Every structure is written in C-alpha cells, then in structure tokens.
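# Coordinate analysis (summary)
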Amino acid sequence: MLLLAPIASATAADVTMPDPNYATATAVMNVIKDAAEQELGLDVSTVTTTAVPVIWEAMDRNKGEVDIWPDVWLPNQQGLVDKYVKGAGTVKLAKNGYEAKQGYCVTQVTVDKYGVKDVSDLANPDNAKIFDTNGDGKGEIWIGASGWQSTNIEKVRSRDYGFADFFDLQVTDEAVAAASLDRAAKADKPWVGYCYGPHQNFARYKLAFLSEPKHDPAKFVMLQPSEDPQWFEKSKVSSAYADTTVHIAYAASLAQRQPELTAALDRITLNPDDISKWAYAIIVDKKPADDVAKEWIKTHPDEVAKWFGH
C-alpha cells in the first residue's frame, strides 16, 4: 500500500513521484526527477508504493500526493486510463510512449532440454512437474507482484490457458522471483514466470519467451477488481497481450502548477535499451538509482535539453 506518512509530508515539495521499487520504473522515475531538478530547479520528492490503483487514485485527487506516474503499461492499465484520463479528466497521459513486451519467460534449458516452447505446454501436468522445486507435485510459476494490474491478468490467463491447477501461482515481490530465477539460471534448471521488457534479466540470463496464440480482443476480456467485485469470474483471457506500450501519466492540476514540467513530460522520449541498461546498473552493478540517472543526464545533455524545450 501507499505509505501514508510520506504522502502527508511530501506535499511541501513542488512535485511528488512514486517509487514502485522495481528497477525499470525506479530508473525512469529518477531520470525524470533529476532532470526536472536540474533544468527547472524543482524540489521533487518520492513516496514508495507497489499498488498501482492507489497511485492513480492519488493523482485523481490532485492534491500533490502523487503528481507523475512514469510507468503506465498499456493495455494492462487501460481500465485506469479509461476511468481517470478519458472519464474524469483528472489525469493526463503524455503524448509519447515506448514499446515493450510481456508474456511468459523460461530459461533456455527449459526449451532445449525439456521442449517447453509454447504456453500450451504448461497445461501438461508432466511438464508442470519439471518446475516443482519443493516436491509438492506442482510446478511453481511467478505471475507478478501484489498490486500490479498484470498480476490479476495472469491469474485469469493461467486459468483460461488451462495450467492453473498444475502450478503454484506465486505472487511475490519481484526481488523474490529474481532470486529464484538466478538460482535456476546458474544451476541450468527450468524456470518459468511472467516477464516483461525492457528488463535487466534479458542481459543477465539466456531467456526465451513462450509462444502464445496471437492477441485476439475477443479472447482478451479483462476486468480489474476496482471495476467489478466479480472480476475474476467475468474476465476471460486466452491470448497474448496486445502490442504493449509504456507511457507517462500526470495529475491534470500539474499542468497549472508546473506548466514547463508537463510540457517536458509530453516531449520526453525514452529508449527501451537505455531503460534496460539503467535497470542492469541498479540491480547487477548495485549502483544507486539516483547516480545512474545523474550519469545518464550528464552524458546526454542534448537529449535532455530537447525535453525541456532548450
């Protein structure tokens, strides 16, 4: 949940941004934060949260609790965009986005040695057992962290793809899943889980996406808990995600309070390869995210200048 004390104290800052504590979003947040401080002299504070709906609710209130959310994954957060951007008009979506990818990843040995290449292979109980590390007869698959919109989607997809009964559907912090993947990769063992890119793991390990049926809107009907208490029963998802893009969102009131900043947010373009490198530096090289951001800003002055209209 969003930490209430930091929100209350953060209102004295010019701008407040959330840190969801996963490397790609943390990296982007720090780049925007440090660029805004450098170029506009703003005081940007941060709050820690992993609950995406709470972030949107805070932007909707337009009280400075959360002003900018730099990790709007579409179609995952489309329901929130429909509610707050298209409906209430309390949140705006920046014009530019960058391409991303999401699905299920396995270690390369899973493909080469065990022949698990397609999501349909997970619905075979014998295949599921190769991912069983605790001897309970079920495989383990990480489907995301608590508070992620994609985690709810994965709960539905695992049911509709037919493998939910054969797996322990693990909902944990990404760091826990990363440690599990690291152990499997180093031991040349099978591993399967939700994955998304850009991400540092594609630079760290030999990973492969499982193939899936092509995205079909008729087979990707997803309601979130905030939309309907019977979201799980009413949702049906049995195809790949639609083409995925990631965008910046900001509270509508920020355009009045900080027009130069919101103009910059609309001009920002991000390179997925850069984001993966930032995340790698944070996770693998153990560099503070703020240092990674400052270093990139220092070495890309022309790009940052374009964002701020210089």
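Residues numbered from 1 in each chain as written. Predicted model: local features only at pLDDT ≥ 70, side-chain atom pairs only at ≥ 80, totals over all residues. Heavy atoms only, no water.

Here we take up the layout of surface pockets. Of the voids in this model, the largest pocket is the one considered here, and its volume is about 330 Å³. Looking at the largest pocket, it is lined by 19 residues, and the ones nearest its centre are Thr133, Glu140, Ser180, Arg183 and Trp191. The leading source of residues in the lining of the largest pocket is helix 8 (residues 174-186), at 5 residues. For the lining of the largest pocket, the class distribution of residues is 11 nonpolar, 4 polar and 4 charged. (1 Å grid on protein atoms, 1.4 Å probe; cavity = no way out; pocket = protein on both sides within 12 Å on 5 of 7 lines; lining within 4 Å. Points joined across faces, edges and corners; volume = space filled by probe spheres on them. Helix = DSSP H or I, 4+ residues; strand = E, 2+ residues; numbered from the N terminus. Nonpolar A, V, L, I, M, F, W, Y, C, P; charged D, E, K, R; others polar.)

This structure, assessed with the given rule, holds 1 disulfide. Paired by a disulfide, Cys105 and Cys195 hold their sulfur atoms 2.0 Å apart. One quick way to see it: the torsion about the S-S bond of Cys105 and Cys195 is about 70°, and its sign makes the bridge right-handed. In this pair, Cys105 is assigned in strand 4 (residues 91-107) and Cys195 in strand 7 (residues 192-197), connecting sequence segments 90 residues apart. Owing to a relative accessible area of 0%, Cys105 belongs among the buried residues under this scheme. Residue Cys195 is classed as buried on the basis of its relative accessible area, which comes to 8%. (Disulfide = S-S within 2.5 Å. Buried < 20%, exposed > 50% of the residue type's maximum accessible area, 1.4 Å probe, protein only.)

With that out of the way, let us pick up the packing of aromatic side chains. Under the definition given, this model contains 17 aromatic pairs. Look at Trp56 and Tyr84: their rings are 6.1 Å apart centre to centre, the planes differ by 20°, and that puts the pair in the stacked class. Of this pair, Trp56 sits in helix 3 (residues 52-61) while Tyr84 sits in helix 4 (residues 78-88); the two residues are 28 residues apart in sequence, bridging distant segments of the chain. Taking 5.9 Å as the distance between ring centres and 40° as the angle between the ring planes, the aromatic pair formed by Phe131 and Phe167 counts as tilted. Here the residue Phe131 occupies a position in the loop between helix 6 (125-128) and strand 5 (139-144), and Phe167 occupies one in strand 6 (residues 167-171), the gap between them amounting to 36 residues. In this structure Phe131 comes out as buried when scored by relative accessible area, which is 3%. Since its relative accessible area comes to 2%, Phe167 is described here as buried. An aromatic cluster is present here, built from Tyr22, Trp73, Trp142, Trp148, Tyr194 and Tyr196 joined pairwise through their rings. (Phe/Tyr/Trp six-rings, centres within 6.5 Å; stacked < 30°, edge-to-face > 60°.)

Counting 73 residues, the largest nonpolar core has Trp56, Met59, Ile68, Leu265 and Trp278 as its most contacted members. Of all the elements, helix 2 (residues 23-40) adds the most residues to this core, at 8 residues. Setting aside anything within four residues of it in sequence, one finds Trp56 in contact with Trp69, Val72, Gln77, Leu80, Val81, Tyr84, Val85, Val91 and Ala249. Within the second largest apolar cluster, 16 residues are counted, among which are Tyr104, Val106, Val192 and Ala208. (Core = buried A, V, L, I, M, F, W, Y, C linked by side-chain atoms within 4.5 Å. Contact = heavy atoms within 4.5 Å.)

Another aspect to go through is the side chain of Gln102. Take Gln102: it is sitting in strand 4. Separated by 2.7 Å, the side chains of Gln102 and Tyr194 make a polar contact. Leave out the neighbours within four places in its chain, and Gln102 touches Trp73, Pro75, Asn76, Ser150, Tyr194, Cys195, Tyr196, Phe209, Tyr241 and Thr244. (Polar contact = N/O pair within 3.5 Å; in protein donor to acceptor, adjacent residues only side chain to side chain.)

Let us look at the pattern of salt bridges. Counted by the stated rule, this structure contains 13 salt bridges. For the salt bridge of Asp34 with Lys294, the shortest nitrogen-to-oxygen distance reads 3.4 Å. Residue Asp34 is located in helix 2, and its partner Lys294 is located in helix 14 (residues 289-299); the two are separated by 260 residues in the primary sequence. By relative accessible area, Lys294 is classed as partly exposed at 42%. Residues participating in the shared-partner salt-bridge network are Lys33, Asp34, Glu37, Asp290 and Lys294. (Salt bridge = Lys/Arg side-chain N within 4 Å of Asp/Glu carboxyl O.)

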